[in-house]
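# Descriptive analysis of the structure
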Amino acid sequence: MNGDDDPQISKSAWSLGSYIEIALFFLPVSAHLVSLSNISTNDNVLDVACGTGNTAITAARRNGAKVTGIDFTPQMLTQAKAEAALAEAEDIKWMEGDVEDLPFEDNSFDVVLSSFGHMFAPQPDVATREMLRVTKPGGRIAFATWPPEHANGRMFDAMAKHIPNFSSSSNNPYPPPSPMQWGSPDVVKKRLGGEVTGIHFERGAVKKPVLSPNHYWQTASTKGGTLI
Ligand SMILES: C[S@@+](CC[C@H](N)C(=O)[O-])C[C@H]1O[C@@H](n2cnc3c(N)ncnc32)[C@H](O)[C@@H]1O
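Below is a short write-up of the structure.

Cut-offs used in this document
Residues numbered from 1 in each chain as written. Predicted model: local features only at pLDDT ≥ 70, side-chain atom pairs only at ≥ 80, totals over all residues. Heavy atoms only, no water. Phe/Tyr/Trp six-rings, centres within 6.5 Å; stacked < 30°, edge-to-face > 60°. Helix = DSSP H or I, 4+ residues; strand = E, 2+ residues; numbered from the N terminus. Buried < 20%, exposed > 50% of the residue type's maximum accessible area, 1.4 Å probe, protein only. Lys NZ or Arg CZ within 6 Å of the ring centre and 35° of its normal. 1 Å grid on protein atoms, 1.4 Å probe; cavity = no way out; pocket = protein on both sides within 12 Å on 5 of 7 lines; lining within 4 Å. Points joined across faces, edges and corners; volume = space filled by probe spheres on them. Nonpolar A, V, L, I, M, F, W, Y, C, P; charged D, E, K, R; others polar. Pairing = 2+ DSSP bridges. Right-handed = clockwise from strand over helix to strand, strands pointing away. Contact = heavy atoms within 4.5 Å. Near = heavy atom within 4 Å. Polar contact = N/O pair within 3.5 Å; in protein donor to acceptor, adjacent residues only side chain to side chain. Sits in = over half its atoms within 2 Å of the grid points.

## Let's talk about the packing of aromatic side chains
What the rule picks out here adds up to six aromatic pairs. Seen from their ring centres, Trp-14 and Phe-120 are 4.9 Å apart, and the 65 degrees between their planes marks the pair as edge-to-face. In this pair, Trp-14 sits in the segment before helix 1 (19-23) while Phe-120 sits in the loop between strand 4 (109-115) and helix 5 (124-134), placing the two residues 106 residues apart along the sequence. Assessed through its relative accessible area of 17%, Phe-120 is described here as buried. Seen from their ring centres, Phe-26 and Trp-146 are 5.2 Å apart, and the 65 degrees between their planes marks the pair as edge-to-face. Separated by 120 residues along the polypeptide, Phe-26 in the loop between helix 1 and helix 2 (27-36) and Trp-146 in the loop between strand 5 (135-144) and helix 6 (151-159) bring together distant segments of the chain. In this structure Trp-146 comes out as buried when scored by relative accessible area, which is 13%. Linked through ring pairs, Phe-26, Phe-116 and Trp-146 together constitute an aromatic cluster. The cationic tip of Arg-191 hangs over the ring face of Trp-182; the distance from NZ or CZ to the ring centre is 4.7 Å.

## Topic: the layout of surface pockets
Here the largest pocket defines a volume of roughly 1,400 Å³. Forming the boundary of the largest pocket are 49 residues, of which Leu-33, Ala-142, Phe-143, Ala-144 and His-200 lie nearest the centre. Looking at the lining of the largest pocket, the elements that each hand over two or more residues are helix 2, strand 5, helix 6 and helix 7 (185-192). Here the lining of the largest pocket gets 10 residues from one element, more than from any other, and that element is strand 5. Here the residues of the lining of the largest pocket sort into 26 nonpolar, 17 polar and six charged. Within this model, the second largest pocket holds a volume of roughly 760 Å³. As for the second largest pocket, its lining consists of 49 residues, and the residues nearest its centre are Trp-14, Tyr-19, Phe-116, Phe-120 and Thr-226. Here the lining of the second largest pocket takes four residues from helix 6, the largest share from any one element. Considering only residue class, the lining of the second largest pocket consists of 26 nonpolar, 18 polar and five charged.

## A few points about the pairing of strand 2 (residues 66-71)
Burial analysis of strand 2 places five of its six residues in the buried class, which makes it a mostly covered element. Pairing analysis gives five bridges linking strand 1 (residues 44-48) to strand 2, with the strands arranged parallel. If you follow Asn-44 over to strand 2, its bridge partner there is Lys-66. Here strand 2 runs beside strand 3 (residues 93-96); their pairing, made up of four bridges, is parallel. Considered in strand 3, the bridge of Ile-70 is made with Met-95. A crossover connection joins strand 2 to the parallel strand 3 through helix 4 (residues 74-86); in handedness this β-α-β unit is right-handed.

## Notes on the environment of Thr-41
Mapped onto the elements, Thr-41 comes out in the loop between helix 2 and strand 1. Sequence separation between Thr-41 and Ala-160 is 119 residues; the distance between their C-alpha atoms is 43 Å. Beyond its immediate sequence surroundings of up to four residues, Thr-41 is in contact with Asn-63, Gly-64, Ala-65 and Lys-66.

## Looking at the site of the ligand
Lining the immediate environment of the ligand, one finds 16 residues, of which Tyr-19, Ala-49, Asp-71, Thr-73 and Ser-115 sit closest. In this structure, Phe-72 approaches the ligand through a main-chain N or O atom, which is 3.3 Å from a nitrogen atom. In the environment of the ligand, an oxygen atom lies 2.6 Å from a nitrogen or oxygen atom belonging to the side chain of Thr-73. More than half of the atoms of the ligand fall within 2 Å of the grid points belonging to the second largest pocket.

## So, empty space enclosed by the protein
One pass over the structure, following the stated rule, counts two cavities of 30 Å³ or more. Of the volumes computed, that of the largest cavity is approximately 110 Å³. Lining the largest cavity are 15 residues, and of these Phe-120, Ala-121, Pro-122, Pro-177 and Pro-179 lie nearest its centre. Here the residues of the lining of the largest cavity are counted per class, giving 11 nonpolar, three polar and one charged. In this model, the second largest cavity occupies a volume close to 40 Å³. Every residue lining the second largest cavity is listed: His-118, Ala-127, Thr-128, Met-131, Ile-141, Phe-143, Trp-182 and Leu-192. Listing elements by their share of the lining of the second largest cavity, those giving two or more residues are helix 5 and strand 5. In terms of residue count, helix 5 provides more of the lining of the second largest cavity than any other element does, three residues in total.

Have a look at this one:
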């Protein structure tokens, strides 16, 4: 790695481009995640690294639960609020904050969700500890991440030619570890630790409608902060 390479995705990268145009593709994932979480009306729900609000808004609309969305990028939160207003889900509380230092008391939430969010925290063990800390005993944590062998994982591996810690290989010695390692069930189990029970994994694919590979590349490289 030379001195010009940023060893992690910088915080400011997330405000570049226009993530909301990409987020549309991931709506089915949010819907599935919310279904799997069995959220009920009285649940207190946290959506970690909520971005423009896909999962938080889905959870609030589907179940009428009390939802908080937290993200460290103010521009994402501005858009999330606008999305929530359009969706008539104005009761959602939006907060600026870091998943590695969640501004909540212990045992605050029945359900903690993350769709392609906490996986980008540079210290996965710290992010995991925080998500577990704010979850009530008997609560649920549900998240969606990219697996190393699918398109986004492969793209990170391609980028690893220039930013070696992006390599999703479990032998990658560089800190911070690639976010794509969150797509490996063995890694996830290890990070969650022995006290988390009833772990359930599913593998799926997001189908992105694109006219051609060049259209995909144009969108990914101009709208998505990580690639920019
Ligand atoms: C790929 S977007 C996913 C957004 C949203 N969850 C979704 O499903 O569309 C990743 C989000 O994680 C946020 N993020 C990354 N690292 C974070 C951290 N350490 N703490 C809080 N938010 C973070 C970014 O600002 C961005 O909004």
